[in-house]
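Take a look at the letters that make up each chain.
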Amino acid sequence: MKFSNLHQHTNFSDGKNTAEEVVLSAISKNMESVGFSDHSHTSIDESYCMMPSDYPLYHAEIDRLKQKYADKIKVFKGIELDYYSTVNATDYDYIIASIHYLYEGGVCYAIDHTLQDQLDYIANHCNGDKNKFASDYFNLLVNHVKNVKPLFVGHFDVITKFGLFDTDNEEYRKIALNALKETIKYCNVFEMNTGAISRKRRTVPYPEKYLLEEIYKLGGEITLCSDSHASDTVDFYFSNCVEILKEIGFTYFLKFDGEKFYKQRI
Ligand SMILES: [Zn+2]
Ligand SMILES: [Zn+2]
């Protein structure tokens, strides 16, 4: 089975390697395709994203790699679009819709970056109630997905990254599951994201298993993504993901052909 990864960062944003190094690594791993998805420019925090002046360079380089390696691997040009960004969707082969910030009272909380940002948001805007934070995050995600109609939804439950939530907690689960039912109305493809495992922050992919089970029940579909920030983790944990999907009942995951998804039987 040949793998494909549509969530890959490079040194155009906060990744370590060049796009070409990633392509060469993906070829060496016998992958079918790799899609680049560097971070869209977010003016509220420019520390990790592409700058507007990077966009033409990004386009030129990914287009060059598409051509150069056309006989070895398919290369796609995507973007990981944050809620606090706008891009011209037609410039890209696909868009991933992700939330990285909550922005309230002129303050930017990088909720997938530090636990402290999450705690500050909860103290300043939720009267200490972390489930209110969960609701705010998921509401923004649903809106974002509704607005941009992405190819798939990025790291659905990323707010669990720092262990703040007991994900067995009934109230939290209810919020997450309701959000899933809303999100799937606008986009029924979710990435199974292994990025936090490769960076040793988690031991399981996003979305967590109970959410994957709900996606399966609701007729949603999955594409495997490494959210990799280096060339050597481009297909990280994908074989394990396939086993998890099979356990749940999935009989395929999705791969992209540049225009649409098709099924990879498992
Ligand atoms: Zn992200
Ligand atoms: Zn990412």
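In case you missed it, the structure is sitting above this.
The sections below set out a description of the structure shown in this document. (Residues numbered from 1 in each chain as written. Chains lettered and ligands numbered in written order. Predicted model: local features only at pLDDT ≥ 70, side-chain atom pairs only at ≥ 80, totals over all residues. Heavy atoms only, no water.)

So, about the overall build of the protein. Within the protein one finds eight helices and eleven strands. In terms of overall dimensions, the protein has C-alpha extents of about 55 × 45 × 30 Å along its principal axes. A total of 266 residues make up the protein; the buried ones form 58% of that total. Sequence-distant contacts, at least 24 apart, represent 68% of the contacts inside the protein between residues at least 6 apart. Accessible area of the protein: about 11,300 Å², with a carbon and sulfur share of 47%. Here the protein contributes 29 positive and 39 negative side-chain charges, whose respective centroids are spaced 6 Å apart. (Helix = DSSP H or I, 4+ residues; strand = E, 2+ residues; numbered from the N terminus. Buried < 20%, exposed > 50% of the residue type's maximum accessible area, 1.4 Å probe, protein only. Contact = heavy atoms within 4.5 Å. Areas by Shrake-Rupley, 256 points an atom, 1.4 Å probe, with all protein chains shown as cover. Lys, Arg positive; Asp, Glu negative; His and termini not counted. Charge placed at Lys NZ, Arg CZ, Asp CG, Glu CD.)

Within this structure, the stated rule accounts for 19 aromatic pairs. A ring pair is formed by Tyr94 and Phe152, whose centres lie 6.3 Å apart and whose planes are at 25 degrees; its orientation type is stacked. One end of the pair, Tyr94, is in strand 4 (residues 94-98); the other, Phe152, is in strand 7 (residues 152-153), and 58 residues separate them in sequence. Neither residue differs from the other here; Tyr94 and Phe152 are each classed as buried. Taken together, the ring pairs connect Phe76, Tyr94, Phe152, Phe256 and Phe261 into an aromatic cluster. One residue, Arg173, lies across the ring of Tyr210, its end atom 3.8 Å from the ring centre. Sitting above the plane of the Tyr252 ring, Lys263 keeps its charged end 4.5 Å from the centroid. (Phe/Tyr/Trp six-rings, centres within 6.5 Å; stacked < 30°, edge-to-face > 60°. Lys NZ or Arg CZ within 6 Å of the ring centre and 35° of its normal.)

Next up on the list: the pattern of salt bridges. Under the defined criterion, the tally for this structure stands at 17 salt bridges. For Glu61, the salt bridge goes to Arg64, with nearest N and O atoms at 2.9 Å. Here the residue Glu61 and the residue Arg64 both occupy positions in helix 2 (residues 55-68), the gap between them amounting to three residues, near one helical turn. Look at Glu61 and you get buried, because its relative accessible area is 19%. Among the residues examined, Arg64 registers a relative accessible area of 35% and is labelled partly exposed. A salt bridge links Asp168 to Arg173; its shortest N-O distance comes to 3.1 Å. What makes Asp168 exposed here is its relative accessible area of 60%. Given a relative accessible area of 25%, Arg173 falls into the partly exposed group. (Salt bridge = Lys/Arg side-chain N within 4 Å of Asp/Glu carboxyl O.)

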